[in-house]
Amino acid sequence: MKRIGAATLAILLYSAIVFYFGWTVVTWLEVFFPINYWLFGIVWGLIAYGFIIGRINHSLRFFSIVGSYWMIIMEYGLILFPIATLITWIFPSELKMIGWIVFILLTLIFIKGTYNAYTPVVRELSIRMAKRDSNLTLLKVVVASDFHLGLLSNKTHLKRFVKKANEEQPDLILLVGDLVDDDPIWFVKNGMSEVMKQLTSTYGVYGVLGNHEYYGKKIPLLVEEMEASNVRMLLDETILVEDSFYLTGREDLTNKERKQLSELVPNQRDLPWFVMDHTPSNLLIPEKEGVDFHVSGHTHRGQMWPNHLFTRKLFELDYGYKQKGSLHAIVSSGFGFWGPPIRLGSQSELWSVHINLEDVKV
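The structure presented is a predicted model; accordingly, all values stated were derived computationally and were not measured.

Draft legend 1. Here's a closer look at the pairing of strand β9 (residues 293-296). Alternating residues of β9 divide into Phe293 and Val295 and His294 and Ser296, and every residue in both groups is buried. Both strand β8 (residues 273-276) and β9 contribute to a ladder of three bridges, which runs parallel. Note on β9: the bridge partner recorded for methionine 276 is valine 295. The handedness of the β8 to β9 crossover, carried by helix α11 (residues 284-289), is right-handed. Here β9 runs beside strand β11 (residues 327-331); their pairing, made up of four bridges, is parallel. By the bridge assignment, phenylalanine 293 is partnered in β11 with histidine 328.

If you want it as structure tokens, here you go:
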């Protein structure tokens, strides 16, 4: 009953915001030409609820796309529209100019955010790690997460990743969850597997599940597609790679029945231990268990400013690199994006990590 009440309240609040935004836009547009309120209301409502409509059936993907872009209006409308309304109350004769300023600001946000989303960068990092009994002295690892492959983070964007990753000539590629945007249907239909399998590395490509794979509820299909793409999915398992290092892939925190990290510790601790865990929920645990290299994603670094202020509060490390004792931890902002193809305060990225394996004290 409480859930129904909370959902009803959320819908009413959201609808009130949608109405307020629509009212401000109509007020501005009427300065230029007359508006048919009914027609505007229908179109505005379809846009505002497009993301929900698009989830009814895959054939309604147009509404999913429109709904994704609507999130830009929701994100920055909550900041810009109240300010514009207040200024208009003080200077009612300046309505036309105030409206243009808001329009221009939203346009600039769209342009800059689109550039950041579709123009990925490579983050370079060099670290020193205990070699133990490994026969390696140098390992180059490409780390990427949060592709959300689907309608907007599409095949073309995946090609960008493959090109940049292969240019790094990595020894190892780690794909740290949220590989698809809930449902892998568009990964399958658009033949993204043929692109993904072009990734090249010395010791292979490995992946784990993120929370969105669980939301899509088609994990077996996703795993099958990834395996066909030459991506080995690790679901709560630890493997030995080329007798040189251990690699663990954890189920996401969304799975309440996932194994504890202590259950995945290698039987022998004579080699470096790498762990992939989509959500960087608690770095104290991998530090305690003796993990050497821990990679995550999930946070998107907030994706759109100022959301990073919240992710900073939620996670000890919400983005970047941090060393805790012998643990080297990385949290990526992701190569793709969730919702609109917009990034402000973050940029689509992959990490190229040079690991120097040395006879250093652990």
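Draft legend 2. Expanded view of the side chain of serine 68. Its location among the elements puts serine 68 in helix α4 (residues 61-90). What makes serine 68 buried here is its relative accessible area of 6%. Excluding residues that lie within four positions of it along the chain, serine 68 makes contacts with Phe51, Leu152, Gly339 and Pro340.

Draft legend 3. Seen up close, unusual backbone geometry. Here tryptophan 305 and proline 306 are connected by a cis peptide whose omega angle stands at 5°. Considering the arrangement of structural elements, one finds proline 306 in the loop between β9 and α12 (308-314). For histidine 148, which is not glycine, the phi dihedral falls at a positive 50°. Examined against the element boundaries, histidine 148 turns out to sit in the loop between β2 (138-144) and α6 (155-167). Its identity as a non-glycine residue notwithstanding, asparagine 230 has a phi of 65°, on the positive side. Checked against the element boundaries, asparagine 230 lands in the loop between α10 (219-228) and β5 (231-233).

Draft legend 4. Expanded view of the pairing of β8. Going residue by residue along β8, you find Trp273 and Val275 tucked away on one face and Phe274 and Met276 tucked away on the opposite face as well. As paired strands, strand β7 (residues 245-249) and β8 are joined by four bridges and run parallel to one another. Bridge assignment links leucine 247 to a residue of β8, and that residue is phenylalanine 274.

The rules behind each value
Residues numbered from 1 in each chain as written. Predicted model: local features only at pLDDT ≥ 70, side-chain atom pairs only at ≥ 80, totals over all residues. Heavy atoms only, no water. Buried < 20%, exposed > 50% of the residue type's maximum accessible area, 1.4 Å probe, protein only. Helix = DSSP H or I, 4+ residues; strand = E, 2+ residues; numbered from the N terminus. Pairing = 2+ DSSP bridges. Right-handed = clockwise from strand over helix to strand, strands pointing away. Contact = heavy atoms within 4.5 Å.

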